[in-house]
Amino acid sequence: LGRAGLTVHGFRATFKTWAKDMTNVAPEVVEAALAHVTGDKTEESYARRGERGDVLERRRKLMEMWTRYCVAGVPATGRVISMRKAG
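Peer 1: How would you explain the side chain of Thr-23 if you had to name every residue and give the values?
Peer 2: One can find Thr-23 in the loop between α1 (8-22) and α2 (27-33). Residue Thr-23 is classed as buried on the basis of its relative accessible area of 10%. Polar side-chain contacts of Thr-23 include one of 2.5 Å to the backbone oxygen of Ala-19. Looking at Thr-23, its side chain comes within polar contact range of the main-chain nitrogen of Val-25, at 3.3 Å.

Given below as structure tokens:
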């Protein structure tokens, strides 16, 4: 991006905050999109089969919302408050 000080963690944290605050997507879908491991070994072994039912499709929809938000600033749900500097 040609900018100093940017990290992958910053992008991941931004995504997670946006998903939590601006969508009604289930937390496990957000965690799956971030490739985070959740639950214990037994739960994870069952989750691998079929990607928790429709989680893969819900992840796809979440990522489409994120793309629209990043590219065009289109909110997924909720109210967006501009944080522009007064001048």
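Peer 1: Lay out the pattern of salt bridges in plain terms, naming residues and giving numbers.
Peer 2: Opposite charge on two side chains permits pairing when their charged atoms draw close. Per the counting criterion, the structure on display carries five salt bridges. Note that Lys-16 and Glu-31 form a salt bridge whose closest N and O atoms lie 2.5 Å from each other. Within this pair, whereas Lys-16 is found in helix α1, its partner Glu-31 is found in helix α2, the two being separated by 15 residues in sequence. Taking the relative accessible area as the measure of exposure, Lys-16 reaches 36% and is therefore partly exposed. Overall, Glu-31 belongs to the buried group, its relative accessible area being 13%. Salt-bridge contacts for Arg-58 lead to Asp-54; the nearest nitrogen and oxygen are separated by 3.6 Å. The exposure class assigned to Arg-58 is partly exposed, which follows from its relative accessible area of 30%. Overlapping salt bridges, with partners in common, bring together Glu-28, Asp-54 and Arg-58 in one network.

Cut-offs used in this document
- Residues numbered from 1 in each chain as written.
- Predicted model: local features only at pLDDT ≥ 70, side-chain atom pairs only at ≥ 80, totals over all residues.
- Heavy atoms only, no water.
- Helix = DSSP H or I, 4+ residues; strand = E, 2+ residues; numbered from the N terminus.
- Buried < 20%, exposed > 50% of the residue type's maximum accessible area, 1.4 Å probe, protein only.
- Polar contact = N/O pair within 3.5 Å; in protein donor to acceptor, adjacent residues only side chain to side chain.
- Salt bridge = Lys/Arg side-chain N within 4 Å of Asp/Glu carboxyl O.

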